[in-house]
Structures are given as structure tokens and as C-alpha cells.
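One-letter residues, chain by chain:
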Amino acid sequence: MNSVLVASNRGPVSFTVSDDGVLTMKRGGGGLVSGLSGVTKEHGVLWVCAALSDGDRSAVRLAPGGRLDHAGYDTGALRMLDIPAATFHRAYNAVANSTLWFVNHLLYDIPNAPSFGARFHREWESYRDYNGAFALALAEEAAHEARVMVQDYHLTLTPAMLRAERPDLRIAHFSHTPWAPPEYFSLLPDEVGREVLEGILGADHAGFLTGRWAGAFMDCCRSLLGAEVDTAARTITHEGRTTRVGVHGLGVDGEALCDRAAEPDVESHMTALREQVGDRRLIVRIDRTELSKNIVRGLHAYREFLAAHPEWHGRVVHLAFAYPSRHDLPEYREYTATVQRCAQEIEDEYATEDWDPLILNVNDDYPRSLAAYRLADVLLVNPIRDGMNLVAKEGPILSPRAALVLSREAGAAAELGGHALLVNPYDVSGTAAALHEALMMPEEERVRRRDELVAAATALPPQKWLSAQLDALDDRPA
Ligand code: G6P
């Protein structure tokens, strides 16, 4: 039995299986996993996650009770749930990623979507089953009065389901995404919206990355559930129970990141990149190929910048690393194709025999990303909306001189905004102007701003972020 548990869809590792049946393990990606991976092992936390792929399923089936650590993997205490593939796909792709993610990031093309018919209601049933499987596993593994930390939009129903099974537990839910304002959140069918909110309110503590997302959640609870909300005290009382709302702005473990970025694989990528771009200035972006990251408008902004500033032709290169993500969804495949098309247009218009204005890379390569951070003069982070955005925090830590162009809609803007060049992510011309300003920023100013960015980015490293939430569970309201 465990006294501290974490639950999330994606776990710290994933497996691929080769044709001859050999399993290979690699580290999971995304902000949530980067934040938690470093700290759970040290705290002796049991992590419960879902099997996402065939490789994961093969690994789980060979592990006693789904415990990968008991099967000899160096994962820390980890139980992976082998949820039936069809249920998993409906819960993960159709509900979590195509609905809740779209709602909270305001991604719908409203005249055409969403449209909630019978099919959605079947998918919603699967989302319930999937959340129920987590609640059951947590109920089995948790010691009396254990603290359980449920993560993100995949698992909004789990807290209430778990409380029904195990009222002794102290339960937290944490949202790594933004939260939508009530008028957008209420695109969801009323009963579904209510179930999501009441699912999270099953927790003692509902955590968010910024005050803005916490505020939007409280507004939704007030207007959709009629809950009693004390905004100043950050409490929500609904049907006789009170849930505390907390703001914990996940940051970066600067030392660990610098150590990793000093390793030889990163150094050799730096050498290779330098050979490729010479001594030209570098504008860097690193993202999952994700609709909310706004990569296409970022490329349009770079193109406008090149059009307006011929004096920079031949003297600057844009490194755009856009890693594959959620390719089961057609919107993501189309988006990747659009990104590639835009990049090609820039090449066609501006490339010369000895100058490549843009290097787009769509393969995952962590050490190469770290190398790009280290070389960056400008870091472009322009999401439409983002829970936090750790790239905005990692970049300045690794680059001694990068100026940060940051979307005001990223959660990170709350902490870094004063030291970044803030942009409206829809304003392509404004973003182009900010790229120019960032390139022109005097050395002294960029170093001063960069030091401030690093201080803000490392203020709440994962270790402290986790302890702050565990502490919040120690004094739950009566
Ligand atoms: C965001 C979410 C995480 C998710 C990550 C990667 O950061 O908040 O929960 O794990 O994206 O997305 P994926 O669908 O690949 O897990």
C-alpha cells in the first residue's frame, strides 16, 4: 500500500515493440511528464498511468499486477493500466484530446464544430469507463488516508469516483492546461460540463498553473453549477463539500537541465548546428506539432519579418523544431502538413545558394533541442493559449543571451511577462515586429532580461511544486 500516489494518462516511460517482439523503453514527453519524472522516484511515489501503445500493452502484460518496477524496469514504482484499446482510444482521442483539450484551448472552428450527437455520447461513456479504471486502481493501491494526485483533463472524473470508493483519501486534481471561460466551456452538453466540474470538485484541492485558469474554473463552477465560490479565499462549496483551489506555477529544475545540456550528445549537436548555420543569428522555436502552439502564424510572422527587413537576409536562420504529436487525430496530421507547406514557401521565396533561412525539423530529438536552446539568440513561444509552456522557461536557462518573444496567452506570461517581449498570438505583424526587436536588443538589456527570466523560471521547480500540493492536502477543509 502506498501513501503518496500520482495518476496521469501518460506515464514516465513508453515502450516500442519491434517485429521480432523486442521491447525498447524510452522516456515519455510533454510538460506534465517532464515536470513529474524527476521527483516521483525520490519521493517513493506510486505512479499510475495508462498503456498508450501496443508496446506498452506488451510490457504491462508481462509485468505482475501491471507493476513495471516489479518486472525489473528502472521506472520507480509504476503501475500501468491495460485499458481495452477501443475504450482507451475513445477516451483519449475523442474526448480528452478532441473535446476537452479543444474547449480549454479555445480551438474550435465554431461554425463547423463541435457537434455533440449520439456518437459523442458513446465516446463519453468510454471516458467514464477509463476514468473509472483509474479510480479503481488507485483505490486498490492507496494506503489509509493516502494522498493521491490526479493529473490533467484526461482524468477529470476520477477524483469524484475515487472519493465515492475511498472517502478516507486526500485527493488533489491538477490541470496542466488552461481553463475556458464559462461562455466557451458551456459549448459542452450541459450534463457533460457539470460532470467534469463535479468530477474535479470530488478532490479536496484543485490545482492550476496560473491565477487566470483557476479564476476561469471558479467562474464555471459558479455559473454552471451554482456553486458557492469565494474567489479571495479560493474555495468552492458545492453540495455540502468544500474544495480548495490552488495556484502552483510549475517551473524548471535549472541545475538538472544544465547538467543534461552539458553532455557530449548535446555538444555534438551544437557543433553540427553551428556548421550548418555558420555565425548567423538564430531564432529558435521548439514545440510539439500542436494546434494550440500556433506554429503556422509563427512561420507567417517570420516571413513578414524577412519581407520587411532585407538587411537580415543571409544573417539570420529560423530553427523550428516541431515534434510529432497526436497523429491519430486528422486535425493534427493536417496541421503538420500545413506547417511543412508554410516552411516550403519560405524556402522557395528566400533561400539562396549559401543561405537557408529556415530549418524545420519534425522528428523528435531531445539532445538536438537542448543544443538549439543553447545557441538561440531569440526564442519564439507564441501559443494561442497554453497552460504554462515550459519551453519559455527552459530556453532562457540554457541560452546565455536569448531574448524571449512570448505570447500573452501562455500561462508562463504571468511569471515571465515583465522580462519577455509579449505578443498577441493572432497578430502576425506584431509578432514579426517583436522578432526584429528581439534581434536588435542591445547585449546589456538581453543579459539583464535573461537573468530575470531564469530567476522566474526556476522559482518553483518540480520538487517544490509537488511538495506545495502535498502540503495543501495536509490541511484539507472540514
Ligand atoms: C500536455 C498535457 C499533458 C500531455 C502532453 C503531451 O502537456 O497537459 O497531459 O501528456 O501535453 O501530450 P500527449 O497527448 O502526447 O500525452
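Cut-offs applied
- Residues numbered from 1 in each chain as written.
- Predicted model: local features only at pLDDT ≥ 70, side-chain atom pairs only at ≥ 80, totals over all residues.
- Heavy atoms only, no water.
- Helix = DSSP H or I, 4+ residues; strand = E, 2+ residues; numbered from the N terminus.
- Buried < 20%, exposed > 50% of the residue type's maximum accessible area, 1.4 Å probe, protein only.
- Contact = heavy atoms within 4.5 Å.
- Lys, Arg positive; Asp, Glu negative; His and termini not counted.
- Charge placed at Lys NZ, Arg CZ, Asp CG, Glu CD.
- 1 Å grid on protein atoms, 1.4 Å probe; cavity = no way out; pocket = protein on both sides within 12 Å on 5 of 7 lines; lining within 4 Å.
- Points joined across faces, edges and corners; volume = space filled by probe spheres on them.
- Nonpolar A, V, L, I, M, F, W, Y, C, P; charged D, E, K, R; others polar.
- Near = heavy atom within 4 Å.
- Polar contact = N/O pair within 3.5 Å; in protein donor to acceptor, adjacent residues only side chain to side chain.
- Areas by Shrake-Rupley, 256 points an atom, 1.4 Å probe, with all protein chains shown as cover.
- Pairing = 2+ DSSP bridges.
- Axes fitted to C-alpha atoms, helices over the stretch in contact; angles between N-to-C directions.

Overview of the overall build of the protein
- Of regular secondary structure, the protein possesses 18 helices and 17 strands.
- Taking the principal axes of its C-alpha atoms as reference, the protein extends roughly 65 × 55 × 45 Å.
- Taking all 478 residues of the protein together, the buried fraction comes to 58%.
- Look at the contacts in the protein between residues 6 or more apart in sequence, and 76% of them connect residues 24 or more apart.
- Each charge class in the protein can be summarised by its mean position, and for the 47 positive and 67 negative side chains these summaries are 2 Å apart.

Thoughts on empty space enclosed by the protein
- Overall, the coordinates contain one cavity of 30 Å³ or more when judged by the stated rule.
- In this structure, the largest cavity encloses a volume near 40 Å³.
- Considered class by class, the residues forming the lining of the largest cavity number five nonpolar, three polar and one charged.

Structural notes on the site of the ligand
- Lining the immediate surroundings of the ligand are eleven residues, of which Arg10, Tyr92, Asp152, Arg288 and Arg326 lie closest.
- Taking Arg326, its side chain carries an N or O atom lying 2.8 Å from an oxygen atom of the ligand.
- Calculation on the ligand without its partners gives an accessible area of 380 Å², and the protein chains cover 91% of this total.
- Sorting the residues of the shell around the ligand by element identifies helix H1 (31-43) and helix H3 (85-104) as the ones contributing at least two each.
- The biggest single contributor to the shell around the ligand is H3, with three residues.
- Partitioned by chemical class, the residues of the shell around the ligand number three nonpolar, four polar and four charged.

Considerations on the sheet that holds strand E7 (residues 170-174)
- One open sheet accounts for nine strands, arranged E5-E4-E1-E6-E7-E8-E11-E10-E9; its pairing is mixed. Here the strands that pair on one side only, and so sit at the sheet edges, are strand E5 (78-81) and strand E9 (228-230). Averaged over all pairs of adjacent strands, the angle between strand axes in this sheet comes to 20°, irrespective of strand direction.
- As paired elements, strand E10 (residues 235-238) and strand E11 (residues 241-247) share four bridges and run antiparallel to each other. For His238, the partnering residue across the bridge sits in E11 and is Arg241.
- Packing against the sheet, helix H5 (residues 158-165) makes contact with strand E6 (142-151), E7 and E11, and its axis sits at approximately 175° to E7.

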